[in-house]
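Chains, contacts and geometry: an overview
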Amino acid sequence: MSSQRPLTEVAVGVLIAPDGQFLLTTRPEGKVYAGYWEFPGGKVEAGESVEQALARELREEIGIEIGQAHPWKTEIFDYPHALVRLNFCKVFDWQGEFQMLEGQRMAWAGLPVRVQPVLPGTIPVLKWFAEERHHAGPTHLD
Ligand SMILES: Nc1nc2c([nH]c(=O)n2[C@H]2C[C@H](O)[C@@H](COP(=O)(O)OP(=O)(O)OP(=O)(O)O)O2)c(=O)[nH]1
């Protein structure tokens, strides 16, 4: 018998710099998958849109104010701890200095991503980047 699992909506920001590099941050201590590299973001709260949640999460976690969020793709991911729908948004403009307010690390990355380990739920994004950018070969190190 399968039990019904609630679907948690997550807003995820794919920040892209003018040179094409994208921002990865580590998951803070105390959260599941602590230390794994991911795209910054977090859970959508009741009454929020994905865009509103993304602006709030990036303000709270990395200290920036984002401009427009461009919805890109969604992906449902079934983790042992939760069933999540990742709502990936591309962001090209933001204001403020990056501050890792939860003690995370940050890295600007290209393909292949060299920081590790990468959170399983971020790997599809690297594949989409590889398609867009005609990148052949591995997208990240195992
Ligand atoms: N932020 C983010 N979360 C991701 C990515 N890929 C992925 O599978 N996830 C998953 C991990 C978590 O189960 C969920 C995000 O929840 P979270 O724990 O980061 O959210 P939050 O900041 O609101 O945390 P909390 O304080 O409510 O626990 O989505 C990603 O690239 N970025």
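Residues numbered from 1 in each chain as written. Predicted model: local features only at pLDDT ≥ 70, side-chain atom pairs only at ≥ 80, totals over all residues. Heavy atoms only, no water.

Some remarks on the sheet that holds strand β3 (residues 37-38)
Reading across the sheet, the three strands line up as β3-β2-β9 and stay open at both edges, with antiparallel pairing between neighbours. The open sheet has two edge strands with one neighbour each: β3 and β9 (106-109). Here strand β2 (residues 22-26) runs beside β9; their pairing, made up of four bridges, is antiparallel. In the strand pairing of β9, L23 is matched with W108. (Pairing = 2+ DSSP bridges. Helix = DSSP H or I, 4+ residues; strand = E, 2+ residues; numbered from the N terminus.)

Points about the site of the ligand
In the neighbourhood of the ligand, 18 residues make up the surrounding shell, with R27, K31, F39, Y79 and H81 lying closest. R27 places a side-chain nitrogen or oxygen 2.9 Å from an oxygen atom of the ligand. Isolated, the ligand exposes 630 Å² of accessible area, and the fraction of that covered by the protein chains is 83%. Put simply, the ligand lies in the largest pocket. Elements supplying a minimum of two residues to the shell around the ligand: β1 (7-15), β4 (41-43), α1 (50-62) and β7 (83-91). It is β4 that contributes the most residues to the shell around the ligand, three residues altogether. Among the residues making up the shell around the ligand, the classes are represented as seven nonpolar, five polar and six charged. (Near = heavy atom within 4 Å. Polar contact = N/O pair within 3.5 Å; in protein donor to acceptor, adjacent residues only side chain to side chain. Areas by Shrake-Rupley, 256 points an atom, 1.4 Å probe, with all protein chains shown as cover. 1 Å grid on protein atoms, 1.4 Å probe; cavity = no way out; pocket = protein on both sides within 12 Å on 5 of 7 lines; lining within 4 Å. Sits in = over half its atoms within 2 Å of the grid points. Nonpolar A, V, L, I, M, F, W, Y, C, P; charged D, E, K, R; others polar.)

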